[in-house]
Each structure stands twice: as structure tokens, then as C-alpha cells.
Amino acid sequence: MAQERVREVVEALVENLRGVIRDKKVNYDEFHAAIQFLVRLGDAKEIPLLLAVLLEATVDDVTHAQTKGSTTTIQGPFHIPGAPMLQAPYKLPRRADEPGDLLVFSGTVHGTDGRPLPGAELDMWQATGDLPGKYSNVHPGLPDYNLRGRFVTDDQGQFSVETVVPAQYEIRKNGPTGELFELLGRSAWRPAHLHFKVSHPDHRTLSTQLFFNDDQYLASDAGNAVKPGLVIPLVKTEGEDPPGFRATYDFVLEPS
Ligand code: BEZ
Ligand code: FE
């Protein structure tokens, strides 16, 4: 980051924090408690988590206010670069006994001019299907890159991938972020969701999430990431063996 920009942002940040100290008459006990909290946050490796839940939605808003592509939302703290590149027919890596209902997610990627984009890359990740959902490479006990993968659209800009329906996610209660949420009386739950980073040469990479109709946490998402247009139906596949669900979405990328 350019030195001038760092100065501009950090000086504004410090000035705003000093304003809060003056307004609220923050005392020494509170100041030391804040320091202890930040030390614990770092020790627990929860700095990315807390910044994602408190601030990332605002960064997304100011960054993408003018976008003509699909609705964006926060990437969150659990993206891991370098997920396996899948071969068609696409199936996110999962355990032999992976809990959850089967989900076939399909759609297209096209540009803002309406033309399909063959060879667009979708980087997809999600929580497990057992409640509360867990992320591989983050929560212990899961194989690396479980329910994470990358795949590309075909000649028509279409894709289809098999996975499981993710469960709702809860920020763990026994860490500093969960404790803060408890103190604030805020729900620590996120509605079930799928994450995507969609990229194509000469187009801006799209980071977004998709949620499902009727999830009880849509209106109280701890990540503040739900937006109209990102909530899609889960359609039960009748008469198929094993039974499961289908969902579709068409991603629109804007030129870079
Ligand atoms: C998530 O995308 O799963 C997430 C986002 C913000 C905070 C915690 C989790
Ligand atoms: Fe997530």
C-alpha cells in the first residue's frame, strides 16, 4: 500500500477511535480489558474472523457499489487458495460417509453483455452438512480441502457440480469472538451458504455467497452477508436415487 494512503487511513482510524474514547469516557480498566481482548483474539487466530463479521460487509459495499455484475458479498475468513482443480463430471471432494443431503448445483457464467464465458473458473467452498457446519483446513478432524474445489465452465459457459447441502454455521462460543457476540446479545449463527470466487481473463473476479430460501438465519446473519438476489430455492429431486436437491444460479462478470 502506498505510504500516503496508509497515512490517510490510519490517521482517520486513530482520530475516530480517540473520538469514541472521549465520547464514552473510556477508563483505564476498559482500556486494559480491550488490550487483553485483542491479545486473546490474536492468540486464538480469530483476527480474520472478527474483522470479517464486523467490517467486511462495509468493505464489500464501498468496493462494489457500482458493479454491473452479479451481487457480491463478503468472502469471509475461510477461503483457502489452491483448492484442487476438478475434472468433469465435477464433484467437490468429500468423505465416503460425508453427512448431508446430496446437492447438484448448476448454472452459467456470462458477461454483462449477456455472452456466455467458456473457461471461467469457479473456486467453491462450503461448510459440512452436519450442524453446526465446519470448514476443512479450519476446523480439526476433516481431510484437507474437503468440500473445496475449482472447476471451469464448458463451451456454453455452463457448469454442474455435485456436493452436499451445507449446514448453518455458528461462530464458536468458547473463543473471544463468540464471547463478544454473547456480550453484545448478537446471534452467532450464519445461514447455510455456498461460497464462490468466479474468475475469467479480462473480467473482474466476483466473490459471493448463495443462501437458501426459508433459512431461519437469513434476517440475522452474524456475517451480515445476505442480500436480495443471493437467496435461491433448494429444489427437492423427486424419484431420484439417492434423493437430494438441485439449485441453480447464473453468475455475471463485468469486464475489468
Ligand atoms: C463464513 O463465510 O462462513 C463466515 C463469514 C464471516 C464470519 C464467519 C464465517
Ligand atoms: Fe462460510
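Details of the structure are given in the entry above.
What counts and what doesn't
- Residues numbered from 1 in each chain as written.
- Chains lettered and ligands numbered in written order.
- Predicted model: local features only at pLDDT ≥ 70, side-chain atom pairs only at ≥ 80, totals over all residues.
- Heavy atoms only, no water.
- Donors = N, O, S within 2.8 Å, 3.2 Å for Na, K, Ca; no water.
- Helix = DSSP H or I, 4+ residues; strand = E, 2+ residues; numbered from the N terminus.
- Buried < 20%, exposed > 50% of the residue type's maximum accessible area, 1.4 Å probe, protein only.
- Patch = residues over 30% accessible without salt bridge, like charges linked within 9 Å, V, L, I, M, F, W, Y side chains within 5 Å.
- Areas by Shrake-Rupley, 256 points an atom, 1.4 Å probe, with all protein chains shown as cover.
- Salt bridge = Lys/Arg side-chain N within 4 Å of Asp/Glu carboxyl O.
- Near = heavy atom within 4 Å.
- Polar contact = N/O pair within 3.5 Å; in protein donor to acceptor, adjacent residues only side chain to side chain.
- 1 Å grid on protein atoms, 1.4 Å probe; cavity = no way out; pocket = protein on both sides within 12 Å on 5 of 7 lines; lining within 4 Å.
- Sits in = over half its atoms within 2 Å of the grid points.
- Points joined across faces, edges and corners; volume = space filled by probe spheres on them.
- Nonpolar A, V, L, I, M, F, W, Y, C, P; charged D, E, K, R; others polar.
- Axes fitted to C-alpha atoms, helices over the stretch in contact; angles between N-to-C directions.
- Contact = heavy atoms within 4.5 Å.
- Expected span 1.5 Å × (residues − 1).

A.B. asks: Give a description of the coordination of the iron ion (ligand 2) that names residues and reports values.
C.D. replies: The coordination sphere of the iron ion (ligand 2), as far as protein atoms go, consists of Y135 (OH), H193 (NE2) and H195 (NE2), spread over 1.8 to 2.0 Å. Along the chain, the residues that donate to the iron ion (ligand 2) are spaced as Y-x57-H-x1-H. Of the two residues, Y135 is situated in the loop between β3 (121-126) and β4 (148-152) and H195 in strand β8 (residues 193-199); the sequence distance between them amounts to 60 residues. Pair check on accessibility: Y135 and H195 agree, each one buried.

A.B. asks: Quick one: what's the story with a nonpolar patch on the surface, residue by residue and with numbers?
C.D. replies: Together, M1, V6, V10, L13, V14 and L17 line one region of the surface with nonpolar side chains, adding up to about 580 Å² of accessible area. Accessibility expressed as a relative area gives 34% for V6, which makes it partly exposed.

A.B. asks: Report on the site of ligand 1, specifying residues and quantitative values.
C.D. replies: Close contacts around ligand 1 come from L49, V53, I74, G76, P77, F78, Y135, Y169, R190, H193, H195 and Q209, and that covers them all. With respect to ligand 1, the side chain of Y135 contributes an N or O atom lying 3.0 Å from an oxygen atom. Surface burial for ligand 1 is 100%, taken as the share of its 260 Å² of free accessible area covered by protein chains. Under a 2 Å grid-point criterion requiring more than half of the atoms, the pocket assigned to ligand 1 is the largest cavity. Looking at the shell around ligand 1, the elements with two or more residues in it are α3 (47-64) and β8.

A.B. asks: With reference to specific residues and values, describe empty space enclosed by the protein.
C.D. replies: Over the atoms a probe the size of a water molecule is rolled, and this reveals where empty space is left. Applying the stated criterion across every chain, the model contains 2 cavities of 30 Å³ or more. If you add up the space inside the largest cavity, you get close to 120 Å³. What lines the largest cavity is a set of 16 residues, and nearest its centre among them are G76, P77, F78, Y169 and R190. Those elements that place two or more of their residues in the lining of the largest cavity are α3 and β8. Considering every element that reaches the lining of the largest cavity, the biggest residue donor is α3, with 3 residues. Here the lining of the largest cavity is built from residues that sort into 10 nonpolar, 5 polar and 1 charged. Reported here for the second largest cavity is a volume of approximately 80 Å³. Taken together, H64, T67, G69, S70, T72, R204, T205, L206, V252, L253 and E254 make up the full set of residues lining the second largest cavity. Broken down by class, the residue content of the lining of the second largest cavity amounts to 3 nonpolar, 6 polar and 2 charged.

A.B. asks: Could you give an account of the packing of α3 against helix α4 (residues 176-184), naming the residues involved and the relevant values?
C.D. replies: Between two packed helices, both the angle of their axes relative to each other and the distance between the axes serve to describe the pair. In the contact formed by α3 and α4, the axes pass within 9 Å of each other and the chain directions differ by 35°. Residues L49, L50 and V53 of α3 form the contact with α4, whose participating residues are T177, L180 and F181. Classifying every residue of the contact of α3 with α4 by side-chain character gives 5 nonpolar, 1 polar and no charged.

A.B. asks: How would you sum up the layout of surface pockets? Please name residues and give values.
C.D. replies: The volume enclosed by the largest pocket comes to roughly 920 Å³. If you trace the largest pocket, you find 23 residues lining it, with L17, A34, F37, L38 and L50 closest to the centre. Taken together, the elements giving at least two residues each to the lining of the largest pocket come down to α1 (3-24), α2 (28-43), α3 and α4. At 9 residues, α2 tops the list of elements feeding residues into the lining of the largest pocket. Residue composition of the lining of the largest pocket, grouped by class: 20 nonpolar, no polar and 3 charged. Considering only enclosed or pocket space, the second largest pocket measures out at about 330 Å³ in volume. In this structure, the second largest pocket is lined by 15 residues; those nearest its centre are E46, F78, V138, H139 and R172. In terms of residue class, the lining of the second largest pocket is made up of 8 nonpolar, 2 polar and 5 charged.

A.B. asks: An account of α1 is requested, with residue identities and associated values reported.
C.D. replies: Under the 1.5 Å per step criterion, the end-to-end length of α1 is 31 Å for 22 residues, consistent within 8% with the ideal 32 Å. Positive backbone phi, at 50°, marks K25, one or two positions downstream of α1.

A.B. asks: Now, about the environment of G229: what can you tell me, with residues and values included?
C.D. replies: Turning to its location among the elements, G229 is positioned in the loop between β9 (206-212) and β10 (231-232). In this structure G229 comes out as partly exposed when scored by relative accessible area, which is 48%. For the pair G229 and N137, spaced 92 residues apart in sequence, the C-alpha separation works out to 29 Å.

Such coordinate-based values are descriptive only and should not be taken to indicate function.
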